Amino acid sequence: MARISEFLTVYYCIRKKEPLTNVATSSISSLARLPWGSKVATTSGENIDSATSAPTLQLYEFEACPFCRRVREAMTELDLSTEVYPCPKGSLRHREMVKKIGGKEQFPLLVDASAGVTMYESGDIVNYLFRQYGQGRNPSSGLLESTIFTGWVPTLLRAGRGMTLWNKAGVVPAEKLELFSYENNSYSRIVREALCELELPYVLQNVGEGSSKMDALLRISGSQQVPYLIDLNTGFQSGDYKKILSYLFKQYSVNT
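Now for a quick tour of the structure. Sequence order sets the numbering: in each chain, residues are counted from 1 along the sequence as written. Given that the model is predicted, a residue must reach a pLDDT of at least 70 before its local features are reported, and side-chain atom pairs must reach 80 or more before they are shown or counted; all residues, however, enter totals for whole chains, interfaces and linings. Only hydrogens and water are removed before side-chain values are computed, so all heavy atoms of the structure are retained for them.

### Considerations on the overall build of the chain
Point 1. Summing up its helical and strand segments, the chain has nine helices and eight strands in all.
Point 2. For each residue, the accessible area found with a 1.4 Å probe, counting protein chains only, is set against the maximum for its type, and the residue is called buried under 20%, exposed over 50%, and partly exposed in between. Across the 256 residues of the chain, 54% fall into the buried class.
Point 3. Sequence-distant contacts, at least 24 apart, represent 71% of the contacts inside the chain between residues at least 6 apart.
Point 4. Here, Shrake-Rupley sampling with a 1.4 Å probe gives the accessible areas, and only protein chains in the shown set may cover a residue. By element, 54% of the accessible surface of the chain is carried by carbon and sulfur atoms, the whole surface being about 11,600 Å². Strands here mean DSSP runs of E at least two residues long; helices mean DSSP runs of H or I at least four residues long; both are numbered from the N terminus. By the convention used here, residues are in contact when the closest approach between their heavy atoms is within 4.5 Å.

Below you can see the structure in the form of structure tokens.
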């Protein structure tokens, strides 16, 4: 109840101030998706994936899609890292890749290079991830059933952010960006929306509560707070979501 009260207080107090309202609506979106995508369902250190290894999973998705969100929640709960290829509406690159890989433009699309698996349909993907990486566990209660009732709430509250390609989106960098995040974190959501709108591919290091990658995040950033963005192309690193947003849109937008 304390968390509910906190979110509602933030919302009603600052709803007329755009920068803070941005955080408030993201916080309420997180509330709508409780308890999914916040903590690891497996014991820390139990998963074979690690922050220092290259992920074998590739996820083609866009942030505002409720079915993509379901898959990202499952990945947080399973402590999985993945390469994310954002596919906003108007995508110049990644939607074509999806059609080439799977034969149709549908989201999400998962590619598991280690197992030679390619699949659509969020429910099938979630079941596959738990079967393959969940050490015998089933998806958490409500994860598969909830999308029809609450999955669209974050999309509506966020007014479609993370859905459409930014009209000034620039060139894709040579090296993928790296983001430490977990699905239901309010500030991480705002950063992921920006990455989607800019169509920037990145390595998503999920670090929900109990993650085996928390120690790696602490070594890299000096903190366990998320989001934390690393751009090897320029040397930029930050755990301040406002600085991250400013950097992304300045660095990867083109002048008109």
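### Describing empty space enclosed by the protein
Point 1. The way it works is a 1 Å grid over only the protein atoms, where trapped points that fit a 1.4 Å probe form a cavity and open points with protein on both sides within 12 Å along at least five of seven lines form a pocket, and then any residue with an atom within 4 Å of a point lines it. Grid points are joined across faces, edges and corners, and a volume is the space filled by probe spheres set on the points. Evaluation of the coordinates by the stated rule reveals one cavity of 30 Å³ or more.
Point 2. Each pocket or cavity is described by its volume, and for the largest cavity that value is around 40 Å³.
Point 3. In terms of lining residues, the largest cavity is bounded by E63, A64, R69, P154, T155, R158, R161, R189 and E193.
Point 4. Elements that contribute at least two residues to the lining of the largest cavity include exactly α6 (147–157) and α7 (186–197).
Point 5. In the lining of the largest cavity, the residues fall into two nonpolar, one polar and six charged. Any residue outside Ala, Val, Leu, Ile, Met, Phe, Trp, Tyr, Cys, Pro, Asp, Glu, Lys and Arg is labelled polar, Gly included; the first ten of those are nonpolar and the last four are charged.

### Side note on the sheet that holds strand β3 (residues 109–112)
Sheet strands line up and pair through hydrogen bonds in the backbone, either parallel or antiparallel.
Point 1. Across the sheet, eight strands lie side by side as β4-β3-β1-β2-β6-β5-β7-β8; this open sheet has mixed pairing. Every interior strand has two partners, whereas the edge strands, β4 (117–119) and β8 (236–238), have only one. Neighbouring strand axes in the sheet, compared pairwise and without regard to direction, differ in orientation by 20 degrees on average.
Point 2. In short, DSSP must find at least two bridges between two strands for them to pair. Sheet analysis places strand β1 (residues 57–61) next to β3, joined by four bridges and oriented antiparallel. In the strand pairing of β3, Q58 is matched with V111. Axes here refer to lines fitted to C-alpha atoms; in helices the fit is confined to the stretch in contact. Angles between the N-to-C directions go from 0 to 180 degrees.

### As for α7
Point 1. Here, expected helix span is obtained from the residue count minus one, scaled by 1.5 Å. The terminal C-alpha atoms of α7 lie 17 Å apart, and with 12 residues this matches the ideal 16 Å at 1.5 Å per residue to within 8%.
Point 2. Burial analysis of α7 places 11 of its 12 residues in the buried class, the great majority of the element.
Point 3. Along α7, the positions that sit buried rather than exposed are S186, S188, R189, I190, V191, R192, E193, A194, L195, C196 and E197.
Point 4. A positive phi of about 55 degrees marks E199, the residue just after α7.

### Here's the deal with a nonpolar patch on the surface
Point 1. The patches reported here contain residues having more than 30% relative accessible area and no salt bridge. Joining distances are 9 Å for like charges and 5 Å for nonpolar side chains (Val, Leu, Ile, Met, Phe, Trp, Tyr). Take a side-chain nitrogen of Lys or Arg and a carboxyl oxygen of Asp or Glu: if they are within 4 Å of each other, that pair is a salt bridge. On the surface, a nonpolar cluster with roughly 340 Å² of combined accessible area is contributed by F67, W152 and L156.
Point 2. With respect to the helices and strands, the residue F67 is situated in helix α3 (residues 66–77).

### Quick look at α3
Point 1. The first and last C-alpha atoms of α3 sit 17 Å apart over 12 residues, in line with the 16 Å expected at 1.5 Å per residue.
Point 2. Burial analysis of α3 places 11 of its 12 residues in the buried class, the great majority of the element.

### Some thoughts on the packing of α3 against helix α5 (residues 122–133)
Point 1. Interhelical geometry of α3 versus α5 gives an angle of 10 degrees and a closest axis separation of 9 Å. When the axis of α3 is compared with that of α5, the two are roughly parallel. Of α5, the residues touching α3 (which contributes F67, R70, V71, A74, M75 and E77) are S122, G123, I125, V126, L129 and F130.
Point 2. When grouped by side-chain class, the residues that make up the contact of α3 with α5 number eight nonpolar, two polar and two charged. Oblique is the label for any angle not under 35 degrees, not over 145, and not in the 65 to 115 range, which are roughly parallel, roughly antiparallel and roughly perpendicular in turn.

Just geometry here; none of it tells us what the structure is for.
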